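Each chain, written out:
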Amino acid sequence: VLDKLIAESSEKFILFCSSSSVARTLHSHLLDKFPDKNPLRYEFARDQTESDNAFVQFQEDQNVKLIVCDKSSEEGINLQGLNRNIVHIDLPLNPNRIEQRIGRVDRFGNSEFNIYALRDLDNDYEKIWYEFLENTLQIFLTSAASLQILLEQEMKILHDEFFIKGIDVFHELTKKMHGEEGLINLEKKRINHQDQLNSMMFIKDD
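Just so it is clear, the structure is predicted and the values come from calculations on it, not from any experiment.

Asks: In this structure, what is going on with the environment of S10? I would like to understand it.
Replies: Considering the arrangement of structural elements, one finds S10 in the loop between α1 (2-7) and β1 (12-16). A residue is classified by how much of its surface remains accessible, and S10, at 58% relative accessible area, is exposed. Separated by 110 residues in sequence, S10 and D120 place their C-alpha atoms 26 Å apart.

Listed below in structure tokens is the structure:
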């Protein structure tokens, strides 16, 4: 599926992996499969010159269509531009990391990009996590930055209870976060109310 997506497009692709070893394997595959698209790999190094050159080259050279990034690239680099595609090779159990990945491309109001996520449809854990991200949190459509504190709290509960409850912990997360009375919507209402109060106080101070 990934090969077909890349083969049929002339646009640039940023491929995110959590694991450095997976990133290396994927980069080798892309070099073999798509040499004409000049795949690069970005990874954090003590001497950042080579890594920095990789993402600068990706940005500036129109013949470079692919860059593979590991966890170290989720912060601190800018990959915005026209006709970009983000591909999540995996989806970390931390929505804030996914938000950071998207933020590498979604900079300063830039909206010229698509988001893809690879999924193992035979993996029930992966399916329910993707459904939570897409349908409950809607992280692929809108920023979850304002929900960072709430998400950190809920992810801690998920990690603490995972080995006790297994997949049920994902169902419980979705149940308490989803819908009009879910924690996500209530938190957004609270933030909006606080913003309105702050605005009224600002006007009064003037």
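Asks: When you look at the packing of aromatic side chains in this model, what are you seeing that I'm missing?
Replies: Describing an aromatic ring pair means giving the distance of the ring centres and the angle of the ring planes. Counted according to the given criterion, the structure contains eight aromatic pairs. Ring geometry for F162 against F170: centres 6.0 Å apart, planes inclined by 85°, an arrangement best described as edge-to-face. In this structure F162 comes out as partly exposed when scored by relative accessible area, which is 24%. An aromatic cluster is defined as three or more aromatic residues linked by ring pairs; in this entry it consists of Y125, W129, F132, F162, F163 and F170. Positioned over the ring face of F58 is K12, at 4.6 Å from the centre of the ring. Just above the ring of Y130 sits the side chain of R119; from NZ or CZ to the centre is 4.0 Å.

Cut-off values and rules
- Residues numbered from 1 in each chain as written.
- Predicted model: local features only at pLDDT ≥ 70, side-chain atom pairs only at ≥ 80, totals over all residues.
- Heavy atoms only, no water.
- Helix = DSSP H or I, 4+ residues; strand = E, 2+ residues; numbered from the N terminus.
- Buried < 20%, exposed > 50% of the residue type's maximum accessible area, 1.4 Å probe, protein only.
- Phe/Tyr/Trp six-rings, centres within 6.5 Å; stacked < 30°, edge-to-face > 60°.
- Lys NZ or Arg CZ within 6 Å of the ring centre and 35° of its normal.

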